[in-house]
Amino acid sequence: MSAVGLVSNGVLGPQAPAGPGQSPDLLQIDRLRVEVASAGTPIPLLDDVSLSLGAGEILGLVGESGCGKSVTALSVLRLLPEPPTRVAAGTIRFENEVVGSLSRRRLQALRGSRIGMIFQEPMSSLNPTFTVGWQIAEAVRLHTNLRGAALAARVRDLLALVGIGAPERRLAQYQHELSGGLRQRVMIAIALAADPQLLIADEPTTALDVTVQRQVLDLIARLRRERGMAVLLITHDLGVISGYADRVCVMYAGLVVETAPAGALFVAPRHPYTAALLAARPRLSGPRGRLAAIPGSVPPPRDRLAGCPFTARCERADARCAAERPPLAGTPHAVACWYPLDE
C-alpha cells in the first residue's frame, strides 16, 4: 500500500480532556485479540495484547519476525484486511476514542492526520510512477488547505525538516534515483505532513547500513524532542532502540512477555526471551567469540501451546509452562513468566 493511501482530508472534532476514570495515555491497547480465518478455523495472531503510550514518549516494540509487532501496528490504524482477519476481543483507544467504533470518515481522518506511519519498505511504499515532490505534496494537500506557493513552501520545509538538501533536485526525482536512507527520509516527511501526535515507525532502519540507521533514528528522536510527538518504534533488534526508547515492550508469538522502562530492562531483564535477545547482540568491546543464538524459531500461530509459547526454547521451562499461560504482572516492570530471572 502506498503511504499516501493513508491520508485523507477528513476532520476529527476536538477531543474532550480526560475525566475521572479515563486514561491519560495517548494510545491504549487493552487485551487485544486478532484472529485470521484459516479453513474456517480462527487462528490467533495476537492474544491478550495490552500496552500504552503517553504523549511525547518513545515506546520500543521488540521481538523476532513473526511475533506480532507489525500486526499490532496495523491494528491501531485498522489496516488489516477484514476478512480474513478480525478483532475478536479487546479495544484500541486513541485519545480515549475507541478506534474500532470510528466511522469510515473519522477513521480516514485519524490515518495520516493524527497518526502517521512509516512502513518497513520505502521502496515498495513509495509510488514509482510519481516524483518524490508530487507524493509529499499530495499528503500535504489532503490534510491542509495549502495550495500553490504555500503548498510548495510547505513541501520544501518538510524536506529540510527531515534533513534532505538540494530540495529542487530531490523533488523532481523518483524513488529509484534515491538511496535507501533518502527514501526513508521521504517516508518520514510524508508521515509528518499533518503534524501527527503519534508516529508509528515499523522497522524504519531495515536494509540500511549502520551509519544511515543511526541517522534515521537520530532524526526520529530529534523530531520527538522538537514536536512533542509520541513514537511507537518497532524493531527486531533491542540494540537499535537501546539509546532511543523511554520504555520497551517485548513481544513473542503474539503475546507481550515483558514491558519495562528501558534502563531497567537493559540492566536486568526478567523474561528468558528478553535475556536471550540481549545476549544475541553483537558487541564492539570485550573478548571475541561466537554470537549467542536462541535455538529453534517462533512457533507459527496454529502451533502455539496453551501455555507459554517460549516453552520449547527456554532452559527454565517445565510442565507448568507448557500447560498454563503466565499472566503479565508487575509494575512498572511487568513480566509474563512463571520463573522470571530475578527469582
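Now for a description of the structure that goes with this document. (Residues numbered from 1 in each chain as written. Predicted model: local features only at pLDDT ≥ 70, side-chain atom pairs only at ≥ 80, totals over all residues. Heavy atoms only, no water.)

1. Section: the nonpolar core
Then, in step 1: Counting residues in hydrophobic clusters, the biggest one holds 97 residues, and the most contacted among them are Leu198, Ile200 and Val248.
Then, in step 2: Not counting chain neighbours up to four residues away, the residues in contact with Val248 comprise Leu59, Gly60, Val62, Leu238, Ile241, Glu258, Thr259, Ala260, Ala262, Leu265 and Phe266. (Core = buried A, V, L, I, M, F, W, Y, C linked by side-chain atoms within 4.5 Å. Buried < 20%, exposed > 50% of the residue type's maximum accessible area, 1.4 Å probe, protein only. Contact = heavy atoms within 4.5 Å.)

2. Examining the pattern of salt bridges
Then, in step 1: This structure, assessed with the given rule, holds 18 salt bridges.
Then, in step 2: Between Arg114 and Glu97 there is a salt bridge, with its nearest N and O atoms 3.5 Å apart. Of the two residues, Arg114 is situated in the loop between α2 (104-110) and β6 (115-118) and Glu97 in strand β5 (residues 97-98); the sequence distance between them amounts to 17 residues. Each member of the pair Arg114 and Glu97 is classed as buried. (Salt bridge = Lys/Arg side-chain N within 4 Å of Asp/Glu carboxyl O. Helix = DSSP H or I, 4+ residues; strand = E, 2+ residues; numbered from the N terminus.)

3. Notes on the sheet that holds strand β4 (residues 85-94)
Then, in step 1: Taken in spatial order, the 4 strands of this open sheet run β2-β1-β4-β5, and their pairing is antiparallel. The sheet terminates laterally at β2 (41-53) and β5, the two strands that pair on one side only.
Then, in step 2: Across 9 bridges, the pairing between strand β1 (residues 27-38) and β2 is antiparallel. Each bridged residue has a counterpart across the sheet, and for Leu27 the counterpart in β2 is Leu53.
Then, in step 3: Sheet strands touched by helix α1 (residues 69-76): β1, β2 and β4. Its angle to β1, the strand with the most contacts, is close to 110°. (Pairing = 2+ DSSP bridges. Axes fitted to C-alpha atoms, helices over the stretch in contact; angles between N-to-C directions.)

4. Details of the packing of aromatic side chains
Working definition: an aromatic ring pair is given by the centre-to-centre distance plus the angle between the planes.
Then, in step 1: Overall, the coordinates contain 4 aromatic pairs when judged by the stated rule.
Then, in step 2: Relative to Trp134, the ring of Phe130 lies with its centre 4.1 Å away and its plane at 20°, an arrangement referred to as stacked.
Then, in step 3: A relative accessible area of 35% places Trp134 in the partly exposed class.
Then, in step 4: Ring geometry for Tyr252 versus Phe310: centroids 5.1 Å apart, planes at 85°, classification edge-to-face. A residue pair is termed long-range when its members are at least 10 positions apart, and Tyr252 in strand β9 (residues 247-252) and Phe310 in the loop between α11 (272-279) and α12 (319-323) qualify at 58 residues. (Phe/Tyr/Trp six-rings, centres within 6.5 Å; stacked < 30°, edge-to-face > 60°.)

5. Quick look at the pairing of strand β8 (residues 230-235)
Then, in step 1: Among the 6 residues in β8, 6 count as buried, and that is most of the element.
Then, in step 2: On β8, burial covers both faces: Ala230, Leu232 and Ile234 on one face and Val231, Leu233 and Thr235 on the other are all buried.
Then, in step 3: The pairing of strand β3 (residues 58-62) with β8 spans 5 bridges and is parallel. Across the sheet, residue Leu61 finds its bridge partner in β8, namely Ile234.
Then, in step 4: The sheet contact formed by strand β7 (residues 198-202) and β8 spans 5 bridges and is parallel.

6. A word on the state of the cysteines
Then, in step 1: Within this structure, the stated rule accounts for 0 disulfides.
Then, in step 2: Cysteine Cys314 shares no disulfide, and the gap to the nearest cysteine sulfur, in Cys337, comes to 6.1 Å.
Then, in step 3: For Cys314, a relative accessible area of 17% translates into the label buried. (Disulfide = S-S within 2.5 Å.)

7. Brief notes about α11
For an α-helix the count is 3.6 residues per turn, leaving residues at separations of three or four pointing the same way.
Then, in step 1: Of all 8 residues in α11, 6 are buried, a share of seventy percent or more.
Then, in step 2: Of the positions making up α11, those classed as buried are Pro272, Tyr273, Thr274, Ala276, Leu277 and Leu278.
Then, in step 3: Elements that come into contact with the buried residues of α11 comprise β3, α9 (238-241), β9, β10 (255-261) and α10 (262-267).

8. Topic: helix α7 (residues 180-191)
Then, in step 1: An ideal rise of 1.5 Å per residue puts 16 Å on 12 residues; α7 measures up with 17 Å between its terminal C-alpha atoms.
Then, in step 2: Residues of α7 that are buried: Gly181, Leu182, Arg183, Gln184, Arg185, Val186, Met187, Ile188, Ala189, Ile190 and Ala191. (Expected span 1.5 Å × (residues − 1).)

9. Points about the side chain of Thr274
Then, in step 1: Relative to the helices and strands, Thr274 is located in helix α11.
Then, in step 2: Among the residues examined, Thr274 registers a relative accessible area of 0% and is labelled buried.
Then, in step 3: A polar contact of 2.7 Å, which involves the side chain of Thr274, links it to the side chain of Glu258. (Polar contact = N/O pair within 3.5 Å; in protein donor to acceptor, adjacent residues only side chain to side chain.)

10. Remarks on the packing of helix α4 (residues 132-143) against α7
Then, in step 1: Running from N to C, α4 and α7 point in directions that differ by 20°, and their axes come no closer than 8 Å. The pairing of α4 with α7 is recorded here as roughly parallel in orientation. The two elements α4 and α7 cross, and the hand of that crossing is right-handed. Contact with α4, carried on its side by Val132, Gln135, Ile136 and Ala139, involves Val186, Ala189 and Ile190 of α7 and no other residues of that element.
Then, in step 2: For the contact of α4 with α7, the class distribution of residues is 6 nonpolar, 1 polar and no charged. (Parallel < 35°, antiparallel > 145°, perpendicular 65-115°, else oblique. Left-handed = near helix turned anticlockwise from the far one by under 90°. Nonpolar A, V, L, I, M, F, W, Y, C, P; charged D, E, K, R; others polar.)

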